[in-house]
Amino acid sequence: MRWDIKGWAGLQLLAGALFFSWWQGYWQPLDEGVFWWFNQRLVTVPGFAELVAFVNQRWIDGAVALLMALFVFRHAWLASGRERARICCLLIIMAGCFSLQAAVGKALPVERPSPTLVFEQAERVSQLVPDIKAKDASGSSFPSDHGIGFATFLVFAIYRFPRRYLFAVVPLVLALAMPRVMSGAHWFTDFLCGSIPLALITAAWLFHTPLARWLTEALVAPAEKLLRRWRLQG
């Protein structure tokens, strides 16, 4: 693939607009509104606190990550020959991009505690449902690592998976990204203005330049050897 300057610049500008509009405080009213909407329902809606606690357990995160990996592997299984190896390379590149984005996110000079730590009167799901070890607070919530994982997967799905998959993937990713917001461990913009801009910048460099093709070509030969050794190459 050649350089797509318009696509590259457009994604960078969108990422910058999301981040700097957040930096200027334009999203704060929405952040507080979303937080209190969910927080109040922890005590007013029967069973809601239990549901939020359940979906915010660590093992749920692991199960979701495995589900996303299996989604990619299923796509690879339906392919054959060199294309199967390319899709496996895609999973490796995806994991590498997540790690890089998470490192960049931690390096950002932003100190932002989660809303449950900002508002002393906030309900805490860990106190409402003490039998479940659920995450409902973070001393440094921006950007959301949880959200980075989902945003990265969504970007790769948009650019590399068949369009018919997106009808299932997009709603699923958006739904799975919400539990930390529902519990108050993250602000809504930790995902929208923190995680998504990092994913957009990644998409700009990977899919609107030759970078993704170069990385895939560098990895595809070793991947083919492994698949043949494991008798998985079709």
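Thresholds applied
- Residues numbered from 1 in each chain as written.
- Predicted model: local features only at pLDDT ≥ 70, side-chain atom pairs only at ≥ 80, totals over all residues.
- Heavy atoms only, no water.
- Helix = DSSP H or I, 4+ residues; strand = E, 2+ residues; numbered from the N terminus.
- Expected span 1.5 Å × (residues − 1).
- Bend = angle between axes of the 7 residues up to and from the residue.
- Contact = heavy atoms within 4.5 Å.
- Patch = residues over 30% accessible without salt bridge, like charges linked within 9 Å, V, L, I, M, F, W, Y side chains within 5 Å.
- Areas by Shrake-Rupley, 256 points an atom, 1.4 Å probe, with all protein chains shown as cover.
- Salt bridge = Lys/Arg side-chain N within 4 Å of Asp/Glu carboxyl O.
- Phe/Tyr/Trp six-rings, centres within 6.5 Å; stacked < 30°, edge-to-face > 60°.
- Buried < 20%, exposed > 50% of the residue type's maximum accessible area, 1.4 Å probe, protein only.
- Lys NZ or Arg CZ within 6 Å of the ring centre and 35° of its normal.
- Disulfide = S-S within 2.5 Å.
- Polar contact = N/O pair within 3.5 Å; in protein donor to acceptor, adjacent residues only side chain to side chain.
- pLDDT = per-residue confidence, 0-100.

A.B. asks: Explanation requested: helix 12 (residues 211-229) in the structure shown.
C.D. replies: It helps to recall that an α-helix has 3.6 residues per turn; residues three or four apart then point in one direction. The end-to-end C-alpha separation of helix 12 is 28 Å, in line with the 27 Å expected for 19 residues at 1.5 Å each. Val-220 marks the point of greatest bend in helix 12, at about 40°, and the proline Pro-222 comes within the next four residues. Where helix 12 is buried, its residues meet helix 5 (82-107), helix 8 (145-160) and helix 11 (188-207).

A.B. asks: What is the right way to read a nonpolar patch on the surface from this model?
C.D. replies: Residues Trp-3, Ile-5, Ile-201, Trp-205, Leu-211, Trp-214 and Leu-215 make up a contiguous nonpolar surface patch of roughly 680 Å² in combined accessible area. Among the elements of the structure, helix 11 and helix 12 are those that each provide at least two residues to the nonpolar patch. Considering each element in turn, the nonpolar patch owes the most residues, 3 residues, to helix 12. Inspection of the secondary structure assignment puts Trp-3 in the segment before helix 1 (5-23).

A.B. asks: Looking at this structure, I do not really get helix 4 (residues 58-78). What am I missing?
C.D. replies: Over its 21 residues, helix 4 extends 31 Å from the first C-alpha to the last, a length consistent with the 30 Å expected when each residue adds 1.5 Å. Check the buried side of helix 4 and you find it contacts helix 3 (48-55), helix 5, helix 8, helix 9 (163-176) and helix 10 (179-183).

A.B. asks: Sorry, what's going on with the packing of aromatic side chains here?
C.D. replies: Describing an aromatic ring pair means giving the distance of the ring centres and the angle of the ring planes. Under the defined criterion, the tally for this structure stands at 20 aromatic pairs. Geometrically, the ring pair formed by Trp-37 and Phe-38 is edge-to-face, given 5.1 Å between the ring centres and 90° between the ring planes. We classify Trp-37 as partly exposed; its relative accessible area is 44%. Judged by its relative accessible area of 14%, Phe-38 falls in the buried class. Measuring from centroid to centroid gives 4.6 Å for Tyr-159 and Phe-207, while their planes differ by 15°, and the two rings are stacked. Residue Tyr-159 is located in helix 8, and its partner Phe-207 is located in helix 11; the two are separated by 48 residues in the primary sequence. A residue is classified by how much of its surface remains accessible, and Tyr-159, at 28% relative accessible area, is partly exposed. Under the relative-accessibility criterion, Phe-207 is labelled buried at 4%. Cluster of aromatic residues (ring-pair linked, three or more members): Phe-19, Phe-20, Trp-22, Trp-23 and Phe-142. Seen from the ring of Trp-37, Arg-41 lies directly overhead, with NZ or CZ sitting 3.9 Å from the centre.

A.B. asks: What exactly am I supposed to notice about the state of the cysteines here?
C.D. replies: Each disulfide is one covalent bond, formed between the sulfur atoms of two cysteines. Per the stated rule, a full pass over the model turns up 0 disulfides. Cysteine Cys-88 remains unbridged, with the sulfur of Cys-89 as its closest cysteine sulfur at 7.1 Å.

A.B. asks: In this structure, what is going on with the side chain of Ser-195? I would like to understand it.
C.D. replies: In this structure, Ser-195 sits in helix 11. Given the relative accessible area of 0%, Ser-195 is considered buried. Engagement of the side chain of Ser-195 in a polar contact is seen with the backbone nitrogen of Ile-148, the distance being 3.3 Å. In this view, Ser-195 contacts Pro-143, Ser-144, Gly-147, Ile-148, Ala-151 and Asp-190; residues no more than four positions away in its chain are not counted.

A.B. asks: Would you mind showing me how to read the confidence of the model for the chain here?
C.D. replies: Interpretation of the predicted coordinates at a detailed level should be avoided for regions scoring low in pLDDT. Mean pLDDT over the chain works out to 87, with 97% of the residues at or above the 70 mark. No element of the chain has a lower mean pLDDT than helix 9, which averages 78, and none a higher one than helix 2 (residues 28-44), which averages 96.

A.B. asks: Sorry if this is basic, but what is going on with the environment of Val-169 here?
C.D. replies: Topologically, Val-169 is positioned in helix 9. On a C-alpha basis, the gap between Val-169 and His-208 in space is 22 Å, while along the polypeptide they are 39 residues apart. Non-local contacts of Val-169, meaning those with residues more than four positions away in its chain, are made with Phe-71, Phe-153, Leu-154 and Ala-157.

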